[in-house]
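# Inside the fold
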Amino acid sequence: MTGPIKTVKERCRKCYACVRNCPVKAIKVKANYAEVIYPRCIGCGKCIAVCTQKAKIIADSSEETRQFLATAKKTVAVLGCSFPAFFHDASPGQLVTGLKRLGFSEVHEGASGVELISDSYMDQVEQSPDQPLISTHCPTIVDLIERHYPQMLKNLMTTVSPMIAIGRFIKAHHGDDVRVIYISSCIAGKFEIAAEQVAGAIDGVLTYKELSQMFRQQKLDLNRLGTTPFDGLEPQKGQLFPITGGPFQVFDVKDDFFHPQFISTEGEENSLEIIRDLAAGRIQARLVDIRFCNGGCIGGPGKNNRLTTFSKRTLIHQYFQSGSTTYKTNPRYQEPLPELDLTRTFRNKHKRLDLPSGDSIRKILQQTNKVREQDELDCGACGYATCREHAIAVYQGLADIEMCLPYSLQRLEEDRVILAQKYELAKHALSQEFGEVEIVGKDPHTIEVLNLIRQVGPTPTTVLIRGESGTGKELTARAIHQMSQRADKTLVTLNCTTLTDSLLESELFGHKKGAFTGALTDKRGLFEAANGGTIFLDEIGDITPKLQAELLRVLDSGEIRPVGGNSSRQVDVRLIAATNKNLEQGVTDGWFREDLFYRLNVFSITMPPLRSRLGSLEALVEQFLRSTSKRVNKTIDSIDRRAIEAMRNYQWPGNIRELQNIIERAAVLTQDNCIHLENLPVVFTELIAKHHDDPDQPLTSFRDSLDRQLQLIEKGLLKSYLEQTQGNVSEAARRAQLPRRSMYRLLERHNLSGEDYRPGEK
Ligand SMILES: Nc1ncnc2c1ncn2[C@@H]1O[C@H](COP(=O)(O)OP(=O)(O)OP(=O)(O)O)[C@@H](O)[C@H]1O
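The following refers to the structure shown.

Here is what the cut-offs are and how they apply
- Residues numbered from 1 in each chain as written.
- Predicted model: local features only at pLDDT ≥ 70, side-chain atom pairs only at ≥ 80, totals over all residues.
- Heavy atoms only, no water.
- Patch = residues over 30% accessible without salt bridge, like charges linked within 9 Å, V, L, I, M, F, W, Y side chains within 5 Å.
- Areas by Shrake-Rupley, 256 points an atom, 1.4 Å probe, with all protein chains shown as cover.
- Salt bridge = Lys/Arg side-chain N within 4 Å of Asp/Glu carboxyl O.
- Helix = DSSP H or I, 4+ residues; strand = E, 2+ residues; numbered from the N terminus.
- Buried < 20%, exposed > 50% of the residue type's maximum accessible area, 1.4 Å probe, protein only.
- Arc of directions from axis to C-beta.
- Contact = heavy atoms within 4.5 Å.
- Lys, Arg positive; Asp, Glu negative; His and termini not counted.
- Charge placed at Lys NZ, Arg CZ, Asp CG, Glu CD.
- Pairing = 2+ DSSP bridges.
- Axes fitted to C-alpha atoms, helices over the stretch in contact; angles between N-to-C directions.

Moving on to a nonpolar patch on the surface. A cluster of nonpolar side chains, F702, L706, L710, I713 and L717, forms an exposed patch at the surface whose accessible area comes to about 530 Å². Here L710 shows up in helix α27 (residues 702–724). Its relative accessible area of 47% is what places L710 among the partly exposed residues.

What follows is the structure in structure tokens.
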């Protein structure tokens, strides 16, 4: 069932402004838009006012009115009592002329409808009812009680509103030969005329905005028109009705405003407060006059100007006092009528929504990560004042879980991490398919690694690859997989540092639908994806104790259990793990499980750092020149001697990956086909210590001088080791705790030889 407030779905951006501002929570949030639930709506128009995207609109009655005007039947216009506050640029007589030009046969003032109901009102008040009477001229208040406070139906005065009264009055004089259009700033009137108890009195409600639009379309400038008198009855005090206190003036309620038995109030907050007070029996008034809009009927949402309540109030008062309006009352309205029925009844339209149990609320709160009381932030971003109200609305199907902002932000972050991981996986898969896998190097360390790969590759043994970052651990894992019987099956790579504990568990072992928020379907884990092949867990030293225990269980049993699942599945996966952390230290310090360490460390390969395999430096450089040339789309086929010399003297903290990156950078920078020393980062130029043997060299830059001094210290130390070991280079290397090859390289660089220190050989 749709009511007069419509949603333009394409415009709704789900900002929840309407949810937040709707006083009776009559907005339901759907997948792509928020819409009004008509049976709960009270037509106050707040959602229209707060929607910056103009996605909430009031059903426009101008087209329907035009159609009425185009037929032979008479159509009468009734101007709501607030019209002088909205059409103040033109005189009332010009407005009447304008309406007649549009085709209306007669124009009446709604204020005369107020006077029609005055007696009925006072009769009810004077009967001294035993419970407070609530006025019924504001349709929003009537809807509020019918739809949300049905226990107060008995308090509603059984009199129609002035709009219905004048509609019935006009129709009583014309028979069914006439249509009546009411023009007002009140959009709730559009709701009211549809109520079965008053149906037929008014045929359409036009807002002032819609009427102005009709004037514009007809190019009618009211200021240029002559004046025409009203055709209806001349009202007396009814013209004061729309403003605060107006009804009491019109109905001649003698007791003043200070008397607690006669209360007149308006505005959303006051209206809701007084109805709650009345419902709870906290106040005992005789007559309560309530109008929902701020300032009374001059505050309706169907307005066409932005004047303040005070200036509109002044305009109404001026109009009342001026007495300049002219009337040429149609004689038919003077004729006596059989008594006009001005009563109405009301109906309980309350739709009770199921209330969740405490347990259901708790479960919904948990879905948005609210487990403890302090997790309930009550931030209001969802449109509900508290997390509990939001949870109840979710239970009642009015709200979405995703409306919780902190929860949605967290979900987004988790999704981002998962996507980043998936991106890494895709990248790896591509490089596995199209990238180079060849391990370059002829130095003894690399040859030793290649031998180990050859030996362990074809076996199903678990391998632990260790070594500094960028030394080729992943490359080695790929080589092992390619050399294995599983080479035609998948190699799944996972970097354990990128995922949180819970995500890593679901990533590795999969999850069942509903295992946690966001687990919308069953999902296969990486262990299952690697079934029959190999799984490479990079940075294994970074997984948490919980996951270490789980991994150990999988390695021992060969079975995986998805998160949230009850049964296990057998998988045949070869595990290769890598780390640059000292796991033995981890075992001692307690952050790595000893049993897992031994389970992983069945066969270990330690990747030597680049600084200890400089024998392969040139081969690596050549390899990277080739691959980089392709990548940067340049032909680079050589590197100059000084650049290589500088590279030999560099420590390579980032190892082979750093070398690869430096070559790529240089390839981009070079202007010809060769990489020069100048194309390398500045540190390499500084490493070419031209004068490191000459202590008397005049001081140049601080860096040069420091480098020179360090070279001297280094040479002095080497000489001491050679002296102490009488030129035995192996012994000197052992004492210096350096690899023998490094010792030879250092001696070569400083032009030293063991022979010079052997006894008798000097
Ligand atoms: N011996 C080698 N021959 C050719 N390329 C190599 C060699 N070793 C490493 N690389 C290249 O160096 C880069 C870094 O290697 P890899 O990613 O295997 O190192 P890693 O030790 O796994 O690094 P991290 O610890 O940072 O994950 C890769 O592009 C790889 O192809």
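Bringing helix α24 (residues 641–648) into the picture now. Among the residues making up α24, those that are buried are A643, I644, A646 and M647. Taken down its axis, α24 places every buried residue within 160 degrees of arc, on the same side. The inward-facing, buried residues of α24 abut α23 (617–632), β19 (638–639), α25 (655–669), β20 (674–675) and α26 (682–687).

Our focus in this paragraph is a positive patch on the surface. A surface patch of like charges, here positive, comprises R11, K54, K209 and R306. As for its placement among the helices and strands, K54 is situated in the loop between α2 (46–50) and β4 (56–58).

The pairing of strands in a sheet comes from backbone hydrogen bonds and takes either a parallel or an antiparallel form. Strand order across the open sheet formed by five strands is β13-β14-β17-β12-β18, with parallel pairing between neighbours. Looking at which strands have only one partner, the edges of the open sheet turn out to be β13 (491–495) and β18 (603–606). Each strand of the sheet is rotated relative to its neighbour by a mean of 15 degrees, with strand direction disregarded. Both strand β12 (residues 463–466) and β18 contribute to a ladder of four bridges, which runs parallel. Bridge pairing in β18 places R466 opposite T606. Helix-sheet contacts for helix α16 (residues 444–456) involve β12, β17 (574–579) and β18, and the interaxial angle to β18 is about 155 degrees.

As enumerated under the stated definition, the model contains 36 salt bridges in all. Salt-bridge contacts for E35 lead to K30; the nearest nitrogen and oxygen are separated by 3.2 Å. Given the relative accessible area of 23%, E35 is considered partly exposed. Given a relative accessible area of 29%, K30 falls into the partly exposed group. Measuring nitrogen to oxygen at the nearest pair gives 2.6 Å for the salt bridge that ties R282 to D277.

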